[in-house]
Amino acid sequence: MLKHEENNSHHRLNNWDFLATLFNSEVLAEFKAGAIKHWRLYGGILNRNKNEIPNSRDGSFIMAQTGLNIESKTIESWADNLTDNEVRKATRFAIAESNEFPDWFKELTEKRPSQVFEVIYNELSWELSVNVDEKLYLLHKIRYSAQWLHQLISSNLIDIIVSTTTKSSALLKYSIEICLPTTERKNAKLVLHAKNELESVELTVETRAIWLSIILYFEPSEGIEYLSSSLANKTYSTELMMRVLTTINSSAFYGNDDDFDENFYSEFSVSEYCRLVELVYEHIRVEDDIERGSGVYSPTIRDDAQDLRNKILSNISKLSGSEVVELLRNLEENTPPSAQIKSYFSRIRKEIILKDADWKPWTIEELGSFMSKKQNKSSVDNSTNITITNNSG
(Lines give C-alpha, C1' and ligand atoms only; values in the text may rest on other atoms or scores of the structure.)
Protein backbone atom coordinates (compact mmCIF):
# COMPACT_ATOMS: atom_id res chain seq x y z
CA MET A 1 0.00 0.00 0.00
CA LEU A 2 2.80 2.38 0.86
CA LYS A 3 4.48 1.59 -2.43
CA HIS A 4 1.37 2.45 -4.44
CA GLU A 5 0.26 5.50 -2.42
CA GLU A 6 0.30 8.56 -4.69
CA ASN A 7 0.36 11.17 -1.92
CA ASN A 8 3.18 10.79 0.59
CA SER A 9 2.61 14.15 2.32
CA HIS A 10 0.37 12.65 5.02
CA HIS A 11 0.26 9.55 7.22
CA ARG A 12 -3.11 8.11 6.23
CA LEU A 13 -3.36 5.82 3.22
CA ASN A 14 -6.13 6.47 0.72
CA ASN A 15 -5.46 3.52 -1.58
CA TRP A 16 -6.59 0.70 0.71
CA ASP A 17 -9.08 -0.53 -1.91
CA PHE A 18 -6.03 -1.26 -4.09
CA LEU A 19 -5.92 -4.52 -2.15
CA ALA A 20 -8.99 -5.66 -4.09
CA THR A 21 -6.73 -6.22 -7.09
CA LEU A 22 -4.61 -8.62 -5.04
CA PHE A 23 -7.04 -10.33 -2.67
CA ASN A 24 -10.65 -11.47 -2.63
CA SER A 25 -13.50 -9.51 -1.05
CA GLU A 26 -13.32 -11.45 2.21
CA VAL A 27 -9.68 -10.43 2.78
CA LEU A 28 -10.54 -6.84 1.92
CA ALA A 29 -13.44 -6.86 4.40
CA GLU A 30 -11.20 -8.29 7.13
CA PHE A 31 -8.58 -5.64 6.47
CA LYS A 32 -11.20 -2.90 6.63
CA ALA A 33 -12.64 -4.18 9.92
CA GLY A 34 -9.18 -4.64 11.43
CA ALA A 35 -8.01 -1.17 10.46
CA ILE A 36 -11.16 0.46 11.86
CA LYS A 37 -10.75 -1.46 15.11
CA HIS A 38 -7.06 -0.57 15.27
CA TRP A 39 -7.51 3.20 15.47
CA ARG A 40 -9.75 2.75 18.50
CA LEU A 41 -7.19 0.50 20.23
CA TYR A 42 -4.13 2.55 19.27
CA GLY A 43 -2.20 3.47 22.41
CA GLY A 44 0.67 5.58 21.08
CA ILE A 45 1.24 9.30 21.67
CA LEU A 46 -1.12 11.51 19.68
CA ASN A 47 -1.26 15.02 21.09
CA ARG A 48 1.76 17.21 21.83
CA ASN A 49 0.46 18.57 25.12
CA LYS A 50 3.23 17.71 27.60
CA ASN A 51 4.42 14.92 25.32
CA GLU A 52 7.47 14.46 23.15
CA ILE A 53 6.39 13.68 19.61
CA PRO A 54 8.62 11.36 17.56
CA ASN A 55 10.09 12.75 14.36
CA SER A 56 8.64 9.89 12.38
CA ARG A 57 5.60 7.64 12.75
CA ASP A 58 5.64 3.86 12.77
CA GLY A 59 3.40 1.45 10.87
CA SER A 60 0.96 1.17 13.77
CA PHE A 61 0.24 4.89 13.66
CA ILE A 62 -0.12 4.88 9.86
CA MET A 63 -2.52 1.94 10.07
CA ALA A 64 -4.60 3.72 12.73
CA GLN A 65 -4.86 6.86 10.56
CA THR A 66 -5.81 4.66 7.61
CA GLY A 67 -8.50 2.88 9.65
CA LEU A 68 -10.08 6.19 10.66
CA ASN A 69 -9.93 7.34 7.05
CA ILE A 70 -11.63 4.12 5.89
CA GLU A 71 -14.40 4.45 8.48
CA SER A 72 -15.17 8.03 7.46
CA LYS A 73 -15.51 7.03 3.81
CA THR A 74 -17.38 3.75 4.08
CA ILE A 75 -19.72 3.95 7.07
CA GLU A 76 -22.82 6.12 6.83
CA SER A 77 -23.30 8.65 9.66
CA TRP A 78 -19.96 7.53 11.08
CA ALA A 79 -19.41 10.78 13.03
CA ASP A 80 -22.83 10.52 14.70
CA ASN A 81 -22.11 6.97 15.83
CA LEU A 82 -18.87 7.71 17.68
CA THR A 83 -18.79 7.96 21.46
CA ASP A 84 -17.62 11.24 22.99
CA ASN A 85 -14.24 9.72 23.84
CA GLU A 86 -13.89 8.36 20.31
CA VAL A 87 -14.55 11.86 18.95
CA ARG A 88 -11.82 13.23 21.20
CA LYS A 89 -9.40 10.54 20.05
CA ALA A 90 -10.27 11.10 16.39
CA THR A 91 -9.62 14.83 16.89
CA ARG A 92 -6.17 14.03 18.28
CA PHE A 93 -5.50 11.90 15.21
CA ALA A 94 -6.53 14.84 13.01
CA ILE A 95 -4.15 17.16 14.87
CA ALA A 96 -1.34 14.58 14.64
CA GLU A 97 -1.72 14.20 10.87
CA SER A 98 1.12 15.81 8.93
CA ASN A 99 0.81 19.02 6.88
CA GLU A 100 -2.97 19.41 6.91
CA PHE A 101 -6.12 18.06 8.50
CA PRO A 102 -7.60 14.87 7.00
CA ASP A 103 -10.65 15.22 4.75
CA TRP A 104 -13.03 13.82 7.36
CA PHE A 105 -12.16 16.35 10.06
CA LYS A 106 -14.46 19.12 8.83
CA GLU A 107 -17.45 16.75 8.92
CA LEU A 108 -16.52 15.58 12.41
CA THR A 109 -16.28 19.22 13.57
CA GLU A 110 -19.70 20.03 12.15
CA LYS A 111 -21.35 16.96 13.66
CA ARG A 112 -19.60 16.89 17.06
CA PRO A 113 -18.28 20.41 17.76
CA SER A 114 -18.32 20.21 21.56
CA GLN A 115 -15.83 17.35 21.87
CA VAL A 116 -13.72 18.53 18.92
CA PHE A 117 -13.23 22.05 20.29
CA GLU A 118 -12.58 20.74 23.79
CA VAL A 119 -9.47 19.01 22.43
CA ILE A 120 -8.46 21.90 20.17
CA TYR A 121 -8.68 24.57 22.86
CA ASN A 122 -6.76 22.44 25.33
CA GLU A 123 -4.01 21.96 22.77
CA LEU A 124 -3.95 25.64 21.79
CA SER A 125 -3.69 26.76 25.42
CA TRP A 126 -0.66 24.57 25.88
CA GLU A 127 0.86 25.48 22.54
CA LEU A 128 0.76 29.23 23.17
CA SER A 129 2.29 28.81 26.63
CA VAL A 130 5.48 27.10 25.44
CA ASN A 131 8.20 27.97 22.98
CA VAL A 132 7.91 25.41 20.19
CA ASP A 133 8.79 24.94 16.55
CA GLU A 134 5.79 26.69 15.01
CA LYS A 135 5.89 24.69 11.77
CA LEU A 136 5.12 21.44 13.55
CA TYR A 137 2.08 22.52 15.50
CA LEU A 138 -1.64 23.14 15.49
CA LEU A 139 -1.75 26.91 14.99
CA HIS A 140 0.40 26.67 11.88
CA LYS A 141 -1.94 24.02 10.50
CA ILE A 142 -5.09 26.02 11.25
CA ARG A 143 -3.56 29.24 9.92
CA TYR A 144 -2.55 27.85 6.53
CA SER A 145 -4.68 24.74 5.94
CA ALA A 146 -8.05 25.28 7.60
CA GLN A 147 -9.51 28.72 6.95
CA TRP A 148 -12.95 27.23 7.55
CA LEU A 149 -11.95 26.94 11.22
CA HIS A 150 -10.94 30.59 11.67
CA GLN A 151 -14.41 32.00 12.26
CA LEU A 152 -15.35 29.10 14.54
CA ILE A 153 -12.42 29.46 16.94
CA SER A 154 -11.56 33.18 16.85
CA SER A 155 -13.56 34.23 19.93
CA ASN A 156 -12.18 31.43 22.11
CA LEU A 157 -8.70 31.90 20.71
CA ILE A 158 -8.76 35.54 21.82
CA ASP A 159 -9.72 34.36 25.31
CA ILE A 160 -6.74 32.01 25.27
CA ILE A 161 -4.39 34.79 24.09
CA VAL A 162 -5.60 37.12 26.84
CA SER A 163 -5.20 34.50 29.57
CA THR A 164 -1.82 33.13 28.42
CA THR A 165 1.72 34.46 28.48
CA THR A 166 2.64 33.71 24.89
CA LYS A 167 6.27 32.70 24.44
CA SER A 168 6.47 32.25 20.68
CA SER A 169 6.09 35.40 18.55
CA ALA A 170 5.46 33.24 15.47
CA LEU A 171 2.55 31.44 17.12
CA LEU A 172 1.19 34.73 18.44
CA LYS A 173 1.31 36.12 14.90
CA TYR A 174 -0.57 33.08 13.58
CA SER A 175 -3.19 33.57 16.29
CA ILE A 176 -3.73 37.22 15.41
CA GLU A 177 -3.88 36.46 11.70
CA ILE A 178 -6.60 33.89 12.44
CA CYS A 179 -8.60 36.12 14.79
CA LEU A 180 -8.55 39.67 13.45
CA PRO A 181 -10.19 39.13 10.04
CA THR A 182 -13.12 37.33 11.71
CA THR A 183 -13.54 39.57 14.77
CA GLU A 184 -15.70 42.68 15.16
CA ARG A 185 -13.78 45.94 15.00
CA LYS A 186 -14.25 46.58 18.74
CA ASN A 187 -12.49 44.31 21.23
CA ALA A 188 -11.60 46.14 24.42
CA LYS A 189 -10.39 42.95 26.09
CA LEU A 190 -7.72 42.23 23.49
CA VAL A 191 -6.67 45.89 23.23
CA LEU A 192 -6.23 46.15 26.99
CA HIS A 193 -4.17 42.96 26.98
CA ALA A 194 -1.99 44.33 24.16
CA LYS A 195 -1.37 47.56 26.11
CA ASN A 196 -0.41 45.59 29.22
CA GLU A 197 1.97 43.40 27.20
CA LEU A 198 3.71 46.48 25.80
CA GLU A 199 4.70 47.46 29.33
CA SER A 200 7.15 44.56 29.42
CA VAL A 201 10.77 45.51 28.76
CA GLU A 202 11.61 41.92 27.78
CA LEU A 203 9.53 41.87 24.60
CA THR A 204 11.26 41.03 21.35
CA VAL A 205 10.87 43.60 18.58
CA GLU A 206 8.73 41.14 16.62
CA THR A 207 6.34 40.56 19.52
CA ARG A 208 6.14 44.28 20.25
CA ALA A 209 5.17 44.87 16.61
CA ILE A 210 2.33 42.35 16.89
CA TRP A 211 0.82 44.02 19.97
CA LEU A 212 1.14 47.45 18.33
CA SER A 213 -0.61 46.15 15.23
CA ILE A 214 -3.51 44.94 17.36
CA ILE A 215 -4.00 48.38 18.93
CA LEU A 216 -3.70 50.07 15.54
CA TYR A 217 -6.38 47.76 14.16
CA PHE A 218 -8.95 48.21 16.92
CA GLU A 219 -8.10 51.73 18.17
CA PRO A 220 -6.23 53.68 15.46
CA SER A 221 -5.89 56.89 17.47
CA GLU A 222 -4.34 55.17 20.50
CA GLY A 223 -2.40 52.85 18.22
CA ILE A 224 -0.68 55.82 16.57
CA GLU A 225 0.28 57.19 20.00
CA TYR A 226 1.67 53.84 21.17
CA LEU A 227 3.56 53.37 17.90
CA SER A 228 5.04 56.86 18.01
CA SER A 229 6.16 56.34 21.62
CA SER A 230 7.70 52.94 20.83
CA LEU A 231 9.58 54.35 17.84
CA ALA A 232 11.36 56.82 20.13
CA ASN A 233 13.79 54.00 20.93
CA LYS A 234 16.23 54.49 18.05
CA THR A 235 18.06 51.22 18.72
CA TYR A 236 15.29 49.27 17.01
CA SER A 237 12.91 51.89 15.54
CA THR A 238 13.51 50.93 11.90
CA GLU A 239 13.10 47.20 12.54
CA LEU A 240 9.99 47.84 14.63
CA MET A 241 8.37 49.93 11.92
CA MET A 242 9.19 47.30 9.30
CA ARG A 243 7.72 44.52 11.43
CA VAL A 244 4.56 46.50 12.15
CA LEU A 245 4.01 46.97 8.42
CA THR A 246 4.61 43.33 7.56
CA THR A 247 2.37 42.18 10.42
CA ILE A 248 -0.43 44.48 9.27
CA ASN A 249 -0.21 43.17 5.75
CA SER A 250 -0.54 39.49 6.66
CA SER A 251 -2.15 37.37 3.95
CA ALA A 252 -4.91 36.41 6.38
CA PHE A 253 -6.21 39.97 5.96
CA TYR A 254 -5.78 40.30 2.24
CA GLY A 255 -5.89 36.82 0.77
CA ASN A 256 -2.44 37.14 -0.74
CA ASP A 257 0.83 38.53 0.59
CA ASP A 258 1.28 40.53 -2.60
CA ASP A 259 -2.11 42.25 -2.30
CA PHE A 260 -2.76 45.55 -0.57
CA ASP A 261 -6.22 46.21 0.73
CA GLU A 262 -7.67 49.18 2.58
CA ASN A 263 -9.59 47.07 5.11
CA PHE A 264 -7.05 47.38 7.91
CA TYR A 265 -7.13 51.18 7.63
CA SER A 266 -10.89 51.57 7.18
CA GLU A 267 -11.33 52.98 10.70
CA PHE A 268 -8.48 55.48 10.38
CA SER A 269 -9.31 59.16 10.12
CA VAL A 270 -7.45 61.22 7.51
CA SER A 271 -5.33 62.71 10.27
CA GLU A 272 -4.45 59.27 11.71
CA TYR A 273 -3.60 57.86 8.30
CA CYS A 274 -1.38 60.84 7.51
CA ARG A 275 0.42 60.44 10.82
CA LEU A 276 1.02 56.75 10.12
CA VAL A 277 2.46 57.54 6.68
CA GLU A 278 4.67 60.19 8.26
CA LEU A 279 6.03 57.68 10.81
CA VAL A 280 6.57 55.06 8.13
CA TYR A 281 8.64 57.40 5.94
CA GLU A 282 10.53 58.75 8.93
CA HIS A 283 11.73 55.32 10.06
CA ILE A 284 11.90 53.44 6.74
CA ARG A 285 13.84 56.10 4.92
CA VAL A 286 13.90 56.32 1.16
CA GLU A 287 17.64 56.98 1.10
CA ASP A 288 18.27 53.64 2.83
CA ASP A 289 16.26 51.58 0.32
CA ILE A 290 17.73 48.46 -1.18
CA GLU A 291 17.99 48.81 -4.94
CA ARG A 292 17.60 45.41 -6.54
CA GLY A 293 18.76 44.65 -10.04
CA SER A 294 17.07 42.31 -12.46
CA GLY A 295 18.65 39.18 -11.01
CA VAL A 296 17.08 36.58 -8.74
CA TYR A 297 17.13 37.34 -5.02
CA SER A 298 15.40 36.31 -1.81
CA PRO A 299 13.36 39.24 -0.42
CA THR A 300 14.26 40.35 3.10
CA ILE A 301 12.03 42.12 5.59
CA ARG A 302 13.53 45.38 4.28
CA ASP A 303 12.38 44.58 0.74
CA ASP A 304 8.87 43.78 1.96
CA ALA A 305 8.68 46.84 4.20
CA GLN A 306 9.76 49.40 1.61
CA ASP A 307 7.32 47.86 -0.87
CA LEU A 308 4.49 48.14 1.68
CA ARG A 309 5.57 51.69 2.53
CA ASN A 310 5.06 52.67 -1.10
CA LYS A 311 1.70 50.89 -1.23
CA ILE A 312 0.51 52.78 1.85
CA LEU A 313 1.50 56.02 0.13
CA SER A 314 -0.50 55.08 -2.97
CA ASN A 315 -3.65 55.21 -0.85
CA ILE A 316 -2.98 58.86 -0.05
CA SER A 317 -4.09 59.91 -3.53
CA LYS A 318 -7.64 58.83 -2.61
CA LEU A 319 -7.74 61.25 0.32
CA SER A 320 -8.14 65.02 0.39
CA GLY A 321 -7.71 68.00 2.65
CA SER A 322 -5.01 70.33 3.91
CA GLU A 323 -3.44 67.65 6.16
CA VAL A 324 -2.76 65.44 3.16
CA VAL A 325 -1.29 68.32 1.18
CA GLU A 326 0.94 69.32 4.11
CA LEU A 327 2.11 65.72 4.58
CA LEU A 328 3.14 65.45 0.93
CA ARG A 329 4.89 68.81 1.07
CA ASN A 330 6.90 67.67 4.11
CA LEU A 331 7.76 64.35 2.51
CA GLU A 332 8.95 66.13 -0.62
CA GLU A 333 11.10 68.57 1.36
CA ASN A 334 12.68 65.80 3.45
CA THR A 335 13.48 63.52 0.53
CA PRO A 336 16.94 63.68 -1.07
CA PRO A 337 16.93 65.38 -4.52
CA SER A 338 18.32 62.23 -6.12
CA ALA A 339 15.34 60.09 -5.06
CA GLN A 340 12.86 59.49 -7.87
CA ILE A 341 9.93 59.52 -5.46
CA LYS A 342 10.51 63.20 -4.70
CA SER A 343 8.79 64.21 -7.94
CA TYR A 344 5.99 61.75 -7.15
CA PHE A 345 5.27 63.56 -3.87
CA SER A 346 5.04 66.82 -5.79
CA ARG A 347 2.77 65.43 -8.49
CA ILE A 348 0.36 63.76 -6.05
CA ARG A 349 0.21 66.90 -3.91
CA LYS A 350 -0.76 69.03 -6.92
CA GLU A 351 -3.33 66.48 -8.03
CA ILE A 352 -4.98 66.54 -4.60
CA ILE A 353 -5.04 70.34 -4.59
CA LEU A 354 -6.79 70.31 -7.96
CA LYS A 355 -9.14 67.54 -6.87
CA ASP A 356 -10.15 69.51 -3.78
CA ALA A 357 -11.10 72.50 -5.93
CA ASP A 358 -14.65 72.87 -7.27
CA TRP A 359 -14.39 71.57 -10.81
CA LYS A 360 -18.02 70.65 -11.36
CA PRO A 361 -19.05 71.90 -14.85
CA TRP A 362 -21.42 74.87 -14.86
CA THR A 363 -24.86 74.66 -16.43
CA ILE A 364 -25.92 77.16 -19.16
CA GLU A 365 -28.04 78.98 -16.58
CA GLU A 366 -25.11 79.23 -14.12
CA LEU A 367 -22.81 80.52 -16.86
CA GLY A 368 -25.42 83.11 -17.93
CA SER A 369 -25.86 84.28 -14.33
CA PHE A 370 -22.11 84.62 -13.90
CA MET A 371 -21.75 86.67 -17.12
CA SER A 372 -24.65 88.90 -16.12
CA LYS A 373 -23.12 89.59 -12.71
CA LYS A 374 -19.77 90.28 -14.34
CA GLN A 375 -21.32 92.81 -16.75
CA ASN A 376 -23.18 94.54 -13.95
CA LYS A 377 -19.99 94.74 -11.88
CA SER A 378 -18.13 96.15 -14.87
CA SER A 379 -20.78 98.84 -15.37
CA VAL A 380 -20.62 99.82 -11.71
CA ASP A 381 -16.82 99.99 -11.82
CA ASN A 382 -16.89 102.20 -14.92
CA SER A 383 -19.50 104.49 -13.37
CA THR A 384 -17.42 104.82 -10.25
CA ASN A 385 -14.36 105.71 -12.28
CA ILE A 386 -16.26 108.40 -14.16
CA THR A 387 -17.60 109.90 -10.96
CA ILE A 388 -14.17 110.01 -9.44
CA THR A 389 -12.77 111.67 -12.57
CA ASN A 390 -15.48 114.36 -12.58
CA ASN A 391 -14.95 115.12 -8.91
CA SER A 392 -11.23 115.50 -9.40
CA GLY A 393 -11.85 118.10 -12.04
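Residues numbered from 1 in each chain as written. Predicted model: local features only at pLDDT ≥ 70, side-chain atom pairs only at ≥ 80, totals over all residues. Heavy atoms only, no water.

Draft legend 1. Broad picture of the overall build of the chain. A count of helices and strands for the chain gives 19 helices and 0 strands. Within the chain, the proportion of its 393 residues that are buried is 45%. Look at the contacts in the chain between residues 6 or more apart in sequence, and 69% of them connect residues 24 or more apart. Put simply, the chain shows about 21,200 Å² of open surface, and 49% of that area lies on carbon and sulfur atoms. (Helix = DSSP H or I, 4+ residues; strand = E, 2+ residues; numbered from the N terminus. Buried < 20%, exposed > 50% of the residue type's maximum accessible area, 1.4 Å probe, protein only. Contact = heavy atoms within 4.5 Å. Areas by Shrake-Rupley, 256 points an atom, 1.4 Å probe, with all protein chains shown as cover.)

Draft legend 2. The arrangement of a nonpolar patch on the surface in detail. A surface patch of nonpolar side chains, amounting to about 260 Å² of accessible area, comprises Leu367, Phe370 and Met371. Within the fold, Met371 resides in helix α19 (residues 364–392). (Patch = residues over 30% accessible without salt bridge, like charges linked within 9 Å, V, L, I, M, F, W, Y side chains within 5 Å. Salt bridge = Lys/Arg side-chain N within 4 Å of Asp/Glu carboxyl O.)

Draft legend 3. Just the packing of helix α1 (residues 25–41) against helix α2 (residues 59–74), in detail. Close contact between α1 and α2 brings their axes to 7 Å; oriented N to C, the two are set at 115 degrees. One finds that α1 runs roughly perpendicular with respect to α2. Crossing of α1 against α2: the hand is left-handed. Across the interface between the two elements, Phe31, Lys32, Ala35, Ile36, His38, Trp39 and Arg40 from α1 touch Ser60, Met63, Ala64, Gly67, Leu68, Ile70, Glu71 and Thr74 from α2. (Axes fitted to C-alpha atoms, helices over the stretch in contact; angles between N-to-C directions. Parallel < 35°, antiparallel > 145°, perpendicular 65-115°, else oblique. Left-handed = near helix turned anticlockwise from the far one by under 90°.)

Draft legend 4. Examining the packing of helix α8 (residues 147–163) against helix α9 (residues 169–179) more closely. One way to put it is that α8 packs onto α9 with a least axis distance of 8 Å and a crossing angle of 130 degrees. As summarised for this structure, α8 and α9 are arranged oblique, according to the angle between their axes. Where α8 crosses over α9, the handedness of that crossing is left-handed. In this structure, α8 uses His150, Ile153, Ser154, Leu157, Ile158 and Ile161 to contact α9, whose residues at the interface are Leu172, Ser175, Ile176, Ile178 and Cys179. A breakdown of the residues in the contact of α8 with α9 according to their chemical character gives 8 nonpolar, 3 polar and no charged. (Nonpolar A, V, L, I, M, F, W, Y, C, P; charged D, E, K, R; others polar.)

Draft legend 5. Broad picture of helix α4 (residues 84–96). The first and last C-alpha atoms of α4 sit 19 Å apart over 13 residues, in line with the 18 Å expected at 1.5 Å per residue. All of the buried residues in α4 are Glu86, Val87, Arg88, Lys89, Ala90, Thr91, Phe93, Ala94, Ile95 and Ala96. Where α4 is buried, its residues touch α1, α2, α3 (78–81), α5 (105–111), α6 (113–129) and α7 (138–145). (Expected span 1.5 Å × (residues − 1).)

Draft legend 6. Summary view of the confidence of the model for the chain. Considering every residue of the chain, the mean pLDDT works out to 82; 80% of them sit at 70 or more. Confidence drops under pLDDT 50 across residues 1–5; counting only partners more than four residues distant or on other chains, this segment forms 15 contacts. Across residues 383–393, where pLDDT falls below 50, the model places 0 contacts with residues more than four positions away in sequence or in other chains. (pLDDT = per-residue confidence, 0-100.)

Draft legend 7. Representation of the packing of aromatic side chains in the model. Applying the stated criterion to the full structure yields 17 aromatic pairs. Between Trp104 and Phe105 the ring centres are 6.3 Å apart and the planes differ by 80 degrees, which places this aromatic pair in the edge-to-face class. One exposure class covers both Trp104 and Phe105, and it is buried. Among the aromatic side chains, those forming a connected cluster through ring pairs are Tyr217, Phe218, Phe264, Tyr265, Phe268 and Tyr273. The positively charged end of Arg143 is found above the aromatic ring belonging to Tyr144, 4.3 Å away from the centroid. For the cation-ring pair, Arg185 lies above Tyr217, with the distance from its terminal atom to the ring centre recorded as 3.8 Å. (Phe/Tyr/Trp six-rings, centres within 6.5 Å; stacked < 30°, edge-to-face > 60°. Lys NZ or Arg CZ within 6 Å of the ring centre and 35° of its normal.)

Draft legend 8. Representation of the environment of Ile301 within the structure. When you line up the elements, Ile301 lands in helix α16 (residues 301–314). Sequence spacing of Ile301 and Thr246 is 55 residues, and the spatial spacing of their C-alpha atoms is 7.8 Å. With residues up to four places along the chain from it excluded, the contact list for Ile301 reads Met242, Arg243 and Thr246.

Draft legend 9. Just the nonpolar core, in detail. In terms of nonpolar packing, the biggest core is built from 99 residues, with Leu108, Leu124, Met241 and Ile316 touching the most fellow members. Apart from residues lying up to four places away in sequence, Leu124 is in contact with Leu138, Leu139, Ile142, Ile153, Leu157 and Ile160. (Core = buried A, V, L, I, M, F, W, Y, C linked by side-chain atoms within 4.5 Å.)

Draft legend 10. Inspection of helix α15 (residues 270–283) at higher detail. For α15, spanning 14 residues, the distance from its first C-alpha to its last is 20 Å, which sits close to the expected 20 Å at 1.5 Å a residue. Every buried residue of α15 is listed here: Glu272, Tyr273, Cys274, Leu276, Val277, Leu279, Val280, Tyr281 and His283. As for α15, its buried residues are in contact with α12 (220–230), α13 (237–248), α16, α17 (322–333) and α18 (341–356).

Draft legend 11. Expanded view of unusual backbone geometry. The backbone phi angle of Ser77 is positive, close to 55 degrees, even though this residue is not glycine. With respect to the element layout, Ser77 can be found in the loop between α2 and α3. Note on Ser77: relative accessible area 36%, which makes it partly exposed.

Draft legend 12. A look at the pattern of salt bridges. Scanning all chains against the criterion turns up 21 salt bridges. Of the charged contacts in the structure, one is a salt bridge between Glu71 and Arg40, with a shortest N-O distance of 2.8 Å. One end of the pair, Glu71, is in helix α2; the other, Arg40, is in helix α1, and 31 residues separate them in sequence. With its nearest N and O atoms 4.0 Å apart, the salt bridge here joins Lys73 to Asp103. Taken together, the residues Lys73 in helix α2 and Asp103 in the loop between α4 and α5 connect sequence positions 30 residues apart.

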